[in-house]
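Observations on chain architecture
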Amino acid sequence: MLSHVVLMTFTDADDAAKAKDLLEGLVGVVPQVRTLQAHLDELHTPVSAHLCLITTHEDEADLRGYQEHPAHLELAQWLRPRLAARVVVDFSR
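We now turn to the structure provided with this report. Residue numbers here run from 1 along each chain, matching the order of that chain's written sequence. With the structure being a predicted model, the display of local features is reserved for residues of pLDDT at least 70 and the display and counting of side-chain atom pairs for 80 or more, all residues being used for whole-chain, interface and lining totals. As a rule here, side-chain values cover all heavy atoms of the structure and leave hydrogens and water aside.

**Some words on the overall build of the protein**
Note on conventions: DSSP H or I runs of at least 4 residues are helices, E runs of at least 2 residues are strands, and numbering of each starts at the N terminus. Of regular secondary structure, the protein possesses three helices and four strands. For the protein, whose C-alpha radius of gyration is 13 Å, the value lies close to the compact-globule estimate of 12 Å for 93 residues. For each residue, the accessible area found with a 1.4 Å probe, counting protein chains only, is set against the maximum for its type, and the residue is called buried under 20%, exposed over 50%, and partly exposed in between. For the protein, the proportion of its 93 residues judged to be buried stands at 38%. Only heavy atoms enter the contact rule, under which two residues are in contact if any of them lie within 4.5 Å. In the protein, of all internal contacts separated by at least 6 residues, the share reaching a separation of at least 24 is 73%. As presented, the protein carries roughly 5,700 Å² of accessible surface, and 53% of it is formed by carbon and sulfur atoms. Each charge class in the protein can be summarised by its mean position, and for the 8 positive and 14 negative side chains these summaries are 2 Å apart. As defined in this context, the radius of gyration uses C-alpha atoms, and a globule is described by 2.2 Å times the residue total to the power 0.38. Note on areas: Shrake-Rupley with a 1.4 Å probe; residue coverage comes only from the protein chains shown. The positive count covers Lys and Arg only, the negative count covers Asp and Glu only, and His and the chain ends enter neither. Throughout, a charge is located at the NZ atom of Lys, the CZ atom of Arg, the CG atom of Asp or the CD atom of Glu.

**Observations regarding helix H2 (residues 60-68)**
When H2 is considered as a whole, its buried residues turn out to be Leu63, Gly65 and Tyr66. The arc that holds every buried residue of H2, seen down its axis, measures 160°, which confines them to one face. In H2, the exposed residues that point more than 90 degrees away from the buried face are Glu60 and Glu68. The definition of a polar contact used here is a pair of N or O atoms within 3.5 Å, where within protein one atom must be able to donate a hydrogen and the other to accept one, and adjacent residues in sequence count solely through side-chain atom pairs. Where H2 starts, the residue carrying a side-chain oxygen 3.2 Å from the main-chain nitrogen of Ala61 turns out to be Asp59. It is the directions from the helix axis to the C-beta atoms that the arc portrays.

**Topic: the sheet that holds strand S2 (residues 35-40)**
Paired through their backbone hydrogen bonds, the strands of a sheet run either parallel or antiparallel. Read from one edge to the other, the open sheet built from four strands follows the order S2-S3-S1-S4, with strand pairing classed as antiparallel. Of all the strands in the sheet, the pair left with one neighbour each is S2 and strand S4 (83-92). The average undirected angle you get between the axes of adjacent strands in this sheet is 15°. Relative to S4, strand S1 (residues 2-10) runs antiparallel, the two sharing nine bridges. Counted as the bridge partner of Ser3 is Phe91 from S4. Across the face of the sheet, helix H1 (residues 15-24) comes into contact with S1, S2 and strand S3 (51-57) while running at roughly 170° to S2. When DSSP locates at least two bridges between a pair of strands, those strands are taken to pair. Think of each axis as a best-fit line through the C-alpha atoms, taken over the contacting stretch in the case of a helix, with angles from 0 to 180 degrees between the N-to-C directions.

**Observations regarding the environment of Leu26**
Within the secondary structure, Leu26 sits in the loop between H1 and S2. Between the C-alpha atom of Leu26 and that of Leu79, which follows or precedes it by 53 residues, the distance is 14 Å. In contact with Leu26, not counting residues within four places along its chain, are Leu36, Tyr66, Ala71, His72 and Leu75.

**Some words on the side chain of His72**
Relative to the helices and strands, His72 is located in helix H3 (residues 70-79). The exposure class of His72 is buried, given its relative accessible area of 12%. Setting aside chain neighbours within four positions, we find His72 in contact with Leu26, Tyr66 and Gln67.

If you want it as structure tokens, here you go:
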């Protein structure tokens, strides 16, 4: 199983809550997503990101399928212009 972790910082922190809702809406729509968790930062420290996304996929091919799915691509069009920064970690377990 492959885990995909994305930390996002938004230009406007208020966009994080909408992004969380939109990301959670991918569950059941994108078949390559085995699990999806989206969490908003609670402590708001100077080094905090606003949103943490964790998805799991069978393998790298499924991760690519998720990333290329039309529903994900549509969400990304809304999301990317609002991001100040994004970092990703992908790992198998």
